[in-house]
Structure formats: C-alpha cells, structure tokens
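Report on the structure
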Amino acid sequence: MTQLSAAQKQPAEGALKTTDSSKALYGGKSTRRITVRDLAAAKERGEKWPMLTAYDAMTASVFDEAGIPVMLVGDSAGNCHLGYETTVPVTLDEMTMLSAAVVRGTSRALIVGDLPFGSYQEGPVQALRSATRLVKEAGVGAVKLEGGERSHRQIELLVESGIPVMAHIGLTPQSVNAMGYRVQGRGDEAAHKLLRDAKAVQDAGAFAVVLELVPAELAAEVTRSLHIPTVGIGAGPETDAQVLVWTDMLGLTGGKVPKFVKKYADLRQVMGDAAKAFAEDVVGGTFPLEEHSVH
Ligand SMILES: Nc1nc(=O)c2c([nH]1)NC[C@@H]1CN(c3ccc(C(=O)N[C@@H](CCC(=O)O)C(=O)O)cc3)CN21
Ligand SMILES: CC(C)C(=O)C(=O)O
Ligand SMILES: [Mg+2]
C-alpha cells in the first residue's frame, strides 16, 4: 500500500459533498432540459444557481446559450416589456404568449411561468385552470405564484395535479396597492410570519421559493431551515439561488432600479448610441453604402 497524501488523509468534508462538476446546473455537461428534480439535487450538493427573467425568444436564447439553467417569465414583463406601471394589469393571455416565446427560444433551461394577478386568487380551481394554460399552451415546466400561507391550497392542488410550483414570499409585488414596495420580515413578528410562510409553501409541495426584499440574516435562516431551494432577490448572499430582472442587470431598464440590482452592462447606452449612429448615417447619406446595396 502506498502512502496517503495529506489531501487523501482528510476525507471528512470533501467525501460528503459530491464534487462531480459535470452534474452542475451551471457549467455542467448535460444538454437536456433541466427539471425541478435537478434543482433538488443541487440543494443536496450545496450548489448555488442563477436565474434570470426573460420575456421573448431572442433574449431567452442568449441566456440559454450562456448556460443560465432556470428562466422566469416574470410578470415584471408588465413594467419591463409591456409598458405598464406595475405588474398588476398583466393578463394570463399576455403571460401565455410571452411564456410560449421563451420556451421556443430555449432548449436547456427550465422555464417557469409567473401566474399574473387575478389568475389564482379566487381559489385552487382557478389556479389550476390558469396554470394548465401555461403548461399546455406555452409549454412551461413550472409555474410561480405569490403568497405563503394564503396560497397554500392553490399550491397543493397544482402539485397534486402534476404542475411544479415555485412560491414567492416576502415582498409580493402583485400586492403593491396594499403593501407598497417595502422590505418584509423586519422585526420579530414579521420574521416569524416569513418563516411560517416559508414552511407553509414547502409543506404544500412547492419545489422552490423566491424570497424578495428580506433581511439577509432572515433569508439565511429560512434557507437553512428548508429542504427546498430558496431563490433570493434583495435577500442577501446566503440563499440557494439568485434571480434578477434581466433588463435591470443589463442596464436596459429606464429610470430607477431597486438597490439590490447589480448592473453587468449598459445596454440602454449601447442601444441609444447605435440608434443615433444609424440616424446620423441616414441623414448624412453615409448609409447605405455600395456594400449594402443590390443591383
Ligand atoms: N425592473 C424591475 N425590477 C424588479 O426587480 C422588479 C420589477 N421591475 N417589477 C416587479 C418586482 C417589483 N420589485 C421591486 C420594486 C421596487 C422595489 C423598491 O423600490 N425597493 C427599494 C427599497 C424599499 C425599501 O427599502 O423599503 C429600493 O431602493 O431598492 C423593490 C423591488 C421587484 N420586481
Ligand atoms: C422578481 C421576480 C422574482 C418576479 O416575480 C418577476 O420578475 O416577475
Ligand atoms: Mg413576478
């Protein structure tokens, strides 16, 4: 028997965690479509993953080719794609059309379709009817809805019916008229409510839960106490996954963006400059040139 190296003598941590990077959600080898079971396995491995919103086929194809494993067709399409002030006016018809486009533009990412305001609040049966449209007409692999304890019956029926559900607690923007856009879970009572909401959606069968605008320490506690993955947005670094609105992280959103956003590019500047360059060319007669012409 040959002597063990120092690294081989230390099995404890490394041996427990799978380090098979070929299975990784981001950067792994598999090209088949990601499923909710893959996300459960990632939590077991302690692996973090990224999620971005997408509202159209072309943008979604860029993120799919970049290896983003999960995309959310968010009802943030309301203010980021369709020109509404908030997410409140978005309809199920609109979400179905946008979700279908994102599914068509992707081959690997798990596509989650957001149920818009008014499409599930009436009760479990309405929720099932709405979610069924996103699954059958758009082809999404899962749906998302807002609310913890208040939405647990909806989640139960969808999951029983074979539709994976991502829950969403903390700041729930569809309730903006009631709660505004404010940090949730500050103070003992609110923290306990958030923990109860998290347990309620896990017990109802949700495969993951979004934590929006929640103190980082509380999001960390929720993440440790659940066996399903948590997806943070403005919830600190310790959630299992992170989501951002794509137009925010690429610097395309006009006006103010939430302070939890990191801007990875300035597409608004890039696109504006390109539009101006085109306009100057046309006005000045420098476009089209001979190379852009047919004879
Ligand atoms: N472009 C965009 N980005 C988002 O992240 C987003 C949307 N739209 N629309 C749907 C919801 C609404 N979200 C919001 C909207 C506003 C704040 C906001 O005003 N936040 C304040 C902090 C408020 C506080 O401290 O209480 C901020 O400055 O970040 C946060 C999240 C997140 N979602
Ligand atoms: C911010 C995310 C979680 C969302 O619900 C959306 O984009 O609609
Ligand atoms: Mg949403």
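Residues numbered from 1 in each chain as written. Chains lettered and ligands numbered in written order. Predicted model: local features only at pLDDT ≥ 70, side-chain atom pairs only at ≥ 80, totals over all residues. Heavy atoms only, no water.

This part takes up the overall build of the protein chain. What the protein chain contains, in helices and strands, is twelve helices and eight strands. With the C-alpha coordinates of the protein chain rotated into their principal frame, the extents come out at 75 × 65 × 40 Å. Counting only contacts in the protein chain whose residues sit at least 6 apart along the sequence, the fraction spanning at least 24 positions is 57%. On the protein chain, roughly 15800 Å² of surface is accessible, and the fraction owed to carbon and sulfur atoms is 56%. Positive and negative side-chain charges of the protein chain, numbering 30 and 35 respectively, have mean locations separated by a distance of 6 Å. (Helix = DSSP H or I, 4+ residues; strand = E, 2+ residues; numbered from the N terminus. Contact = heavy atoms within 4.5 Å. Areas by Shrake-Rupley, 256 points an atom, 1.4 Å probe, with all protein chains shown as cover. Lys, Arg positive; Asp, Glu negative; His and termini not counted. Charge placed at Lys NZ, Arg CZ, Asp CG, Glu CD.)

Once that is clear, we can look at the coordination of the magnesium ion (ligand 3). The protein atoms that coordinate the magnesium ion (ligand 3) are Asp75 (OD) and Asp114 (OD), at distances spanning 2.1 to 2.2 Å. Pair noted here: Asp75 is in the loop between β2 (70-73) and α4 (77-80) and Asp114 is in strand β3 (residues 110-114), with a separation of 39 residues, a long-range link. The pair formed by Asp75 and Asp114 is uniform in burial state, with each residue classed as buried. (Donors = N, O, S within 2.8 Å, 3.2 Å for Na, K, Ca; no water. Buried < 20%, exposed > 50% of the residue type's maximum accessible area, 1.4 Å probe, protein only.)

Before going further, it helps to examine the site of ligand 2. As a structural note, the neighbourhood of ligand 2 is formed by Thr53, Leu72, Gly74, Asp75, Ser76, Asp114, Lys144, His168, Val210, Ile233 and Val245. In the environment of ligand 2, an oxygen atom lies 2.8 Å from a nitrogen or oxygen atom belonging to the side chain of Asp75. One of the side-chain nitrogen or oxygen atoms of Ser76 is found 2.6 Å away from an oxygen atom of ligand 2. Calculation on ligand 2 without its partners gives an accessible area of 260 Å², and the protein chains cover 95% of this total. The residue makeup of the shell around ligand 2, split by class, is four nonpolar, four polar and three charged. (Near = heavy atom within 4 Å. Polar contact = N/O pair within 3.5 Å; in protein donor to acceptor, adjacent residues only side chain to side chain. Nonpolar A, V, L, I, M, F, W, Y, C, P; charged D, E, K, R; others polar.)

In this section: the UniProt feature "active site" (unreviewed entry) in the protein chain. UniProt records the feature "active site" (unreviewed entry) at Glu212, using the numbering of this structure. Structurally, the position occupied by Glu212 is in strand β6 (residues 208-212). Contacts of Glu212, omitting those with residues within four sequence positions, involve His168, Ile169, Gly170, Leu171, Pro173 and Ile233. (UniProt positions renumbered as here; feature names shortened; annotations may be inferred.)

Relative to the assigned elements, Lys48 resides in the loop between α2 (36-45) and β1 (49-53). Lys48 gets classed as exposed once you look at its relative accessible area, which sits at 55%. Those residues in contact with Lys48 that sit more than four places away from it in its chain are Pro237, Glu238, Thr239 and Asp240. At a separation of 2.6 Å, a polar atom in the side chain of Lys48 contacts the main-chain carbonyl oxygen of Pro237.

Neighbouring residues of ligand 1: 16 residues in total, closest Asn79, Val183, Glu212, Asp248 and Lys259. One of the side-chain nitrogen or oxygen atoms of Asn79 is found 2.8 Å away from a nitrogen atom of ligand 1. For ligand 1, whose accessible area on its own is 660 Å², the fraction buried by protein is 77%. Split into classes, the residues belonging to the shell around ligand 1 amount to nine nonpolar, three polar and four charged.

This brings us to the confidence of the model for the protein chain. Overall, the prediction assigns the protein chain a mean pLDDT of 94, with 94% of residues at 70 or greater. Note on residues 4-11: pLDDT is under 50 here. Beyond four places in sequence and across chains, it has two contacts. Across the assembled chains, the prediction reports ipTM 0.95 with pTM 0.93. (pLDDT = per-residue confidence, 0-100.)

Turning our attention to the UniProt feature "binding site: 3-methyl-2-oxobutanoate" (unreviewed entry) in the protein chain. The residues that UniProt annotates with the feature "binding site: 3-methyl-2-oxobutanoate" (unreviewed entry) are Asp75, Ser76, Asp114 and Lys144. These annotated residues cover 70 residues of sequence, but their C-alpha atoms sit close together, with the largest distance between any two at 12.5 Å. Residue Asp75 is classed as buried on the basis of its relative accessible area, which comes to 5%. Apart from the residues lying within four places of it in its own chain, the contact partners of Asp75 are Thr87, Val90, Met95, Asp114, Pro116, Glu146 and Gln174. Contacts of Ser76, omitting those with residues within four sequence positions, involve Thr53, Tyr55, His81, Thr87 and Val245.

With that out of the way, let us pick up the pairing of β2. Regular strands place side chains that alternate from one sheet face to the opposite one. The alternating pattern of β2 places Val70 and Leu72 on one face and Met71 and Val73 on the opposite face, and all of these are buried. Two strands pair when backbone bridges link them, and β1 and β2 are joined in this way by three bridges, in the parallel orientation. Bridge pairing in β2 links Met51 to Val70. Traced from β1 through helix α3 (residues 57-65) to β2, the parallel crossover comes out right-handed. (Pairing = 2+ DSSP bridges. Right-handed = clockwise from strand over helix to strand, strands pointing away.)

What follows is about a nonpolar patch on the surface. Nonpolar side chains collect at one region of the surface, where Phe278, Val282 and Phe287 lie side by side and expose about 280 Å² of accessible area between them. Note that Phe287 resides in the segment after α12 (267-284). (Patch = residues over 30% accessible without salt bridge, like charges linked within 9 Å, V, L, I, M, F, W, Y side chains within 5 Å. Salt bridge = Lys/Arg side-chain N within 4 Å of Asp/Glu carboxyl O.)

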